[in-house]
Amino acid sequence: MSEAALSPATVRQRASLSATLRRALLPALVAVLVVAILATAVTTQGFFTLANLQAILSSMIFVGMVSVGMTLVMVSGAFVSLALATTATVSAMIFMASLSLGLPAAIALTLLAALAASAVQGVVISGWNANPIIVTIAAAAVLEGVAVAFSQGATINPANTSYQLLNGRLLGLPVGLFALAGLVVLTEAMLRFTRLGPMIYLMGDNRVAAVAAGLPVDRIGAGVFAIAGVSAAMAGMFMASFNHSASLLLNRGSLGFDAIAAVLIGGAAISGGRGTVFATMIGVAVIAVVNDLVLLRGFSTGSQILLKGLVVIAFALAAHLRQEQRR
């Protein structure tokens with residue numbers, strides 16, 4: 001029997017049943033995920049140790065910094081940036097190459113270069129309404145090409161050891177973890193307590209309405225990508241310091257994928273208009289724990305990517321169901 005032939009009461013009953021099933025599915029899905037991760041952690045030798053906890057926290061630094069920028073990009077309605085991981089790598093190379101000028105100058109030069117390169121992408125995407133995937137892929141290619149021409153494909157070694165300051169520890173924790181915390185707090189405060197924050201959310205939720213309201217979408221987009229570039233540059237400087245050198249090989253991992261996964265796990269809407277940096281950090285922690293577990297269990301690289309993909313799908317489904325409940 002077609003739905004058109006059903007009585008209004010039957011249609012309402014089926015709709016109510018469907019809504020009830022969706023409401024029951026969300027807590028069940030979250031419970032299964034939590035239990036699965038906890039069960040794996042309990043049965044993994046060496047997971048519940050102080051050294052492993054410190055390793056997990058340290059692994060959150062690089063992905064966490066890039067994820068801050070990725071959150072802003074996604075919230076603004078620009079989908080994702082496929083150039084942030086490359087921006088981090090090229091920033092690492094700039095940082096190492098400019099240490100001969102002194103640590104403060106190297107940091108400033110690195111941040112300014114990433115800010116400028118990323119702001120241009122923001123203007124093109126938001127001001128010209130260009131496809132963010134195409135623009136950021138092209139930007140990543142240009143950045144990588146410039147880096148290859150500059151370095152001749154060689155590894156860049158520092159002129160001095162001043163970068164070791166970024167490898168230091170404070171209260172027993174890596175300095176980078178405090179830098180990440182500061183970046184997270186400042187960015188979340190920008191979203192919540194400045195005029196720019198609501199504009200970013202409005203532009204991501206409804207770009208047409210933002211333009212009709214007279215918002216400078218090109219400048220907002222430039223600002224979003226500029227902040228994202230700075231966050232990626234910070235990740236690059238800490239990556240270079242951790243590795244004591246820099247080359248394009250730093251971008252051969254899953255930094256970009258992990259950042260996108262963390263933002264999605266944190267519940268940000270890939271279509272824009274919803275998400276917070278604090279929630280993204282929950283996603284960063286989940287990714288760090290999953291990475292740690294698969295490494296401790298000796299899984300292959302392919303298995304690691306598969307498991308992370310399944311986790312992202314599950315959390316993204318949970319976020320979708322939560323949004324449906326709110327509606």
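For the structure given in this document, a descriptive report is provided here. This is a predicted model, so every value here is computed, not measured.

Attention now moves to unusual backbone geometry. Its identity as a non-glycine residue notwithstanding, Gln152 has a phi of 60°, on the positive side. Mapped onto the secondary structure, Gln152 falls in the loop between α5 (132-151) and β1 (169-170). At His244, a residue that is not glycine, the phi angle is positive and equals roughly 65°. Residue position: His244 is located in the loop between α9 (217-243) and α10 (255-265).

All told, the structure shown has two aromatic pairs when counted by the stated rule. Between Phe47 and Phe48, the ring centres sit 4.9 Å apart and the planes meet at 85°, which makes this aromatic pair edge-to-face. Seen in terms of ring centroids, Phe62 and Phe242 are 6.0 Å apart; in terms of plane orientation they differ by 65°. Their pairing is edge-to-face. Of the two residues, Phe62 is situated in helix α2 (residues 50-75) and Phe242 in helix α9; the sequence distance between them amounts to 180 residues. You can call Phe242 exposed: its relative accessible area is 55%.

Going through the model one piece at a time under the given rule, you end up with one salt bridge. The partner of Arg192 in a salt bridge is Glu188, with the nearest N and O atoms 2.8 Å apart. On the criterion of helical spacing, the pair formed by Arg192 and Glu188 is a turn pair, its members being four residues apart in helix α6 (residues 175-193).

By the secondary structure assignment, Phe178 is in helix α6. Classification of Phe178 as partly exposed rests on a relative accessible area of 33%. As a C-alpha pair, Phe178 and Ile61 span 117 residues in sequence and 9.1 Å in three-dimensional space. Excluding residues that lie within four positions of it along the chain, Phe178 makes contacts with Leu170, Leu171 and Leu173.

Let us now look at the nonpolar core. Burial of nonpolar side chains together is a common tendency in soluble globular proteins. Core analysis: the biggest nonpolar cluster contains 84 residues, and Met65, Phe95, Met96 and Leu255 have the highest contact counts within it. Top contributing element to this core by residue count: α2, with 13 residues.

We now examine the environment of Leu249. Of note, Leu249 is situated in the loop between α9 and α10. Between the alpha carbons of Leu249 and Thr155 there is a distance of 8.8 Å; along the sequence they are 94 residues apart.

On the surface, Phe299, Leu306, Leu307, Leu310 and Ile313 cluster together into a nonpolar patch covering about 460 Å² of accessible area. Relative to the helices and strands, Ile313 is located in helix α12 (residues 301-326). Judged by relative accessible area, which is 58%, Ile313 ranks as exposed.

Our next topic: α2. Taking 1.5 Å per residue, 26 residues should reach 38 Å; α2 reaches 35 Å between its end C-alpha atoms and fits that length. At Ile61, α2 shows its largest kink, close to 35°. Looking one or two residues beyond α2, the residue adopting positive phi is Gly77, at roughly 90°.

What counts as what
- Residues numbered from 1 in each chain as written.
- Predicted model: local features only at pLDDT ≥ 70, side-chain atom pairs only at ≥ 80, totals over all residues.
- Heavy atoms only, no water.
- Helix = DSSP H or I, 4+ residues; strand = E, 2+ residues; numbered from the N terminus.
- Phe/Tyr/Trp six-rings, centres within 6.5 Å; stacked < 30°, edge-to-face > 60°.
- Buried < 20%, exposed > 50% of the residue type's maximum accessible area, 1.4 Å probe, protein only.
- Salt bridge = Lys/Arg side-chain N within 4 Å of Asp/Glu carboxyl O.
- Contact = heavy atoms within 4.5 Å.
- Core = buried A, V, L, I, M, F, W, Y, C linked by side-chain atoms within 4.5 Å.
- Patch = residues over 30% accessible without salt bridge, like charges linked within 9 Å, V, L, I, M, F, W, Y side chains within 5 Å.
- Areas by Shrake-Rupley, 256 points an atom, 1.4 Å probe, with all protein chains shown as cover.
- Expected span 1.5 Å × (residues − 1).
- Bend = angle between axes of the 7 residues up to and from the residue.

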